[in-house]
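Results of the structural survey
Single-letter residue listing:
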Amino acid sequence: MPYLLALDQGTSSSRSIVFDQGGSIVAMAQQELPQIYPQPGWVEHDPMAIWQTQLATARAALTKAGLGARDIHAIGITNQRETTVVWNRRTGKPIHHAIVWQDRRAEPACAQLRADGKAQVIQAKTGLLVDAYFSGTKLQWLLNHVPGARTQAQAGELAFGTVDSWLLWQLTGGCDDSTRAQAHHATDVSNASRTMLFNVHTNQWDDELLQWLNIPASLMPTVLPSSADFGSVKADLLGAPIRIGGMAGDQQSALFGQACFTAGMAKNTYGTGCFMLMHT
């Protein structure tokens with residue numbers, strides 16, 4: 001019987017679940033993720049802790065299930081959504097802690113966008129209200145405040161991603177000096193749509209929005225459908241290569257998981273926050 005392995009990287013923990021062909025849970029493992037609060041209104045995570053806890057729970061779930069990597073048909077990744085990571089493509093090291101979706105440090109940049117009359121255009125293109133919740137102004141903050149970051153970004157040396165992209169990059173080779181050049185730098189439409197940089201009408205990064213926030217396009221991951229070929233896990237991480245066949249932001253994947261397949265259906269999720277999503 002083929003099995004699926006779901007990697008669920010959340011705000012307060014990393015979790016991995018093995019499902020059988022009927023959708024029943026075979027085994028699950030979970031680890032708490034430390035929260036970092038540098039000052040009021042700021043929330044950060046250590047990207048290496050995100051990666052290490054997620055890998056550890058994947059290994060533990062397979063062990064609990066009594067399965068090997070060759071028993072897993074495919075992996076799916078779901079994640080806390082707007083949390084922002086920037087890393088060096090050559091060294092593989094994050095340039096700063098991840099800025100978590102709850103973080104409010106970028107509100108002055110959002111206020112400036114609103115004052116400049118750009119909010120209506122941003123909403124029309126992205127479907128989002130201008131807010132520090134989303135990844136775009138968090139990324140702008142990192143480029144403006146981490147020493148040398150903007151120069152490195154302009155030279156094409158840095159990569160941006162939400163947590164799905166960071167995990168994908170690590171899983172496909174970014175964790176190892178010898179395979180880093182082959183690592184996949186990609187995201188899916190559901191995560192891209194939460195950055196405030198993605199045009200939901202063209203399904204592409206929007207050049208005008210990148211220009212307004214002074215973000216080099218070379219930072220941005222390739223955007224794929226939520227169900228797509230995202231590459232394969234590096235063999236030595238779990239014991240054999242496993243295809244990565246899907247990625248989606250946690251709330252959108254929960255909407256689908258609760259079988260809200262028709263327009264008008266909605267659901268609430270209760271976790272670190274309360275979220276209501278509706279199929280439109």
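Up top is the structure.
Here the residue numbers are simple positions, counted from 1 along each chain's written sequence. Local features in a predicted model are, by the rule used here, given only for residues with pLDDT of at least 70; side-chain atom pairs are given and counted only at 80 or more, and totals for whole chains, interfaces and linings are based on all residues. Computation of side-chain values: all heavy atoms of the structure, hydrogens and water removed.

A word on the nonpolar core
Counting residues in hydrophobic clusters, the biggest one holds 41 residues, and the most contacted among them are Val18, Ile75 and Leu238. By the criteria applied, helices consist of DSSP H or I runs no shorter than four residues and strands consist of E runs no shorter than two, each listed in order from the N terminus. For this core, the secondary structure elements donating two or more residues are β1 (3-9), β3 (25-32), α1 (47-65), β5 (72-79), β6 (85-88), α6 (163-174), α9 (235-238) and β13 (244-249). Top element by residues in this core is α1. It accounts for eight residues. Contact criterion: two residues are considered in contact whenever any of their non-hydrogen atoms come within 4.5 Å of each other. Leu238 has contacts with Leu5, Leu55, Ala58, Arg59, Leu62, Ala69, Ile75 and Val233, leaving out every residue within four places of it along the chain. In these notes, a set of buried Ala, Val, Leu, Ile, Met, Phe, Trp, Tyr and Cys residues joined through side-chain atoms within 4.5 Å is what counts as a nonpolar core. Buried means the residue's accessible area, taken with a 1.4 Å probe over protein chains only, is under 20% of the maximum for its type, while exposed means over 50%, and partly exposed covers the values in between.

Some details on the pairing of strand β2 (residues 13-19)
For β2, the buried fraction is high: five of the seven residues fall into the buried class. Any two strands are treated as partners once DSSP identifies two or more bridges connecting them. Relative to β2, β1 runs antiparallel, the two sharing six bridges. Note on β2: the bridge partner recorded for Leu5 is Val18. The hairpin formed by β2 and β3 contains five residues between the paired strands, and Gly23 there has a positive phi angle of roughly 90°.

Re the environment of Ile95
Locating Ile95 in the fold gives a position in the loop between β6 and β7 (98-99). On a C-alpha basis, the gap between Ile95 and Leu142 in space is 8.6 Å, while along the polypeptide they are 47 residues apart. Every residue in contact with Ile95, bar those within four places of it in the chain, is listed here: Val86, Trp87, Asn88, Val146, Ala149 and Leu158.

Examining the pattern of salt bridges
We define a salt bridge as a contact between a side-chain nitrogen of Lys or Arg and a carboxyl oxygen of Asp or Glu at a distance within 4 Å. Tallied over the full model, the rule gives 14 salt bridges. We note a salt bridge from Arg114 to Glu107, for which the minimum N-O separation is 2.2 Å. Judged by its relative accessible area of 36%, Arg114 falls in the partly exposed class. With a closest N to O distance of 3.2 Å, Asp176 and Lys234 form a salt bridge. Highlighted residues: Asp176 in the loop between α6 and β9 (186-188) and Lys234 in the loop between β12 (222-224) and α9, separated in sequence by 58 residues. Overall, the relative accessible area of 13% leaves Lys234 in the buried class. Three or more residues are tied together by salt bridges with common partners; here these are Arg81, Glu82, Arg194 and Asp250.

What about the packing of aromatic side chains?
Each aromatic pair joins two rings of Phe, Tyr and Trp (for Trp, the six-membered one) with centres within 6.5 Å, and gets the label stacked for planes under 30 degrees apart, edge-to-face for over 60, and tilted for any other angle. Taken as a whole and assessed by the stated rule, the structure comprises nine aromatic pairs. Each ring, one from Trp42 and one from Trp141, has its centre 5.4 Å from the other, and the planes form 80°; the classification is edge-to-face. Here Trp42 is found in the loop between β3 and β4 (44-45), whereas its partner Trp141 is found in helix α4 (residues 135-145), with 99 residues between them in sequence. By relative accessible area, Trp42 is classed as buried at 19%. Here the aromatic cluster, defined as three or more aromatic residues joined through ring pairs, consists of Trp101, Tyr133, Phe134 and Phe275. Sitting above the plane of the Phe275 ring, Arg81 keeps its charged end 5.5 Å from the centroid. For a ring to carry a charge above it, either NZ of a lysine or CZ of an arginine must fall within 6 Å of the ring centroid while also lying within 35 degrees of the normal to the ring plane.

Description of the environment of Gly257
On the secondary structure map, Gly257 appears in helix α10 (residues 250-257). A relative accessible area of 59% means that Gly257 is categorised as exposed. Sequence separation of Gly257 and Gly10 is 247 residues, and the distance between their C-alpha atoms is 16 Å.

So far we have only geometry, and geometry alone does not tell us how the molecule works.
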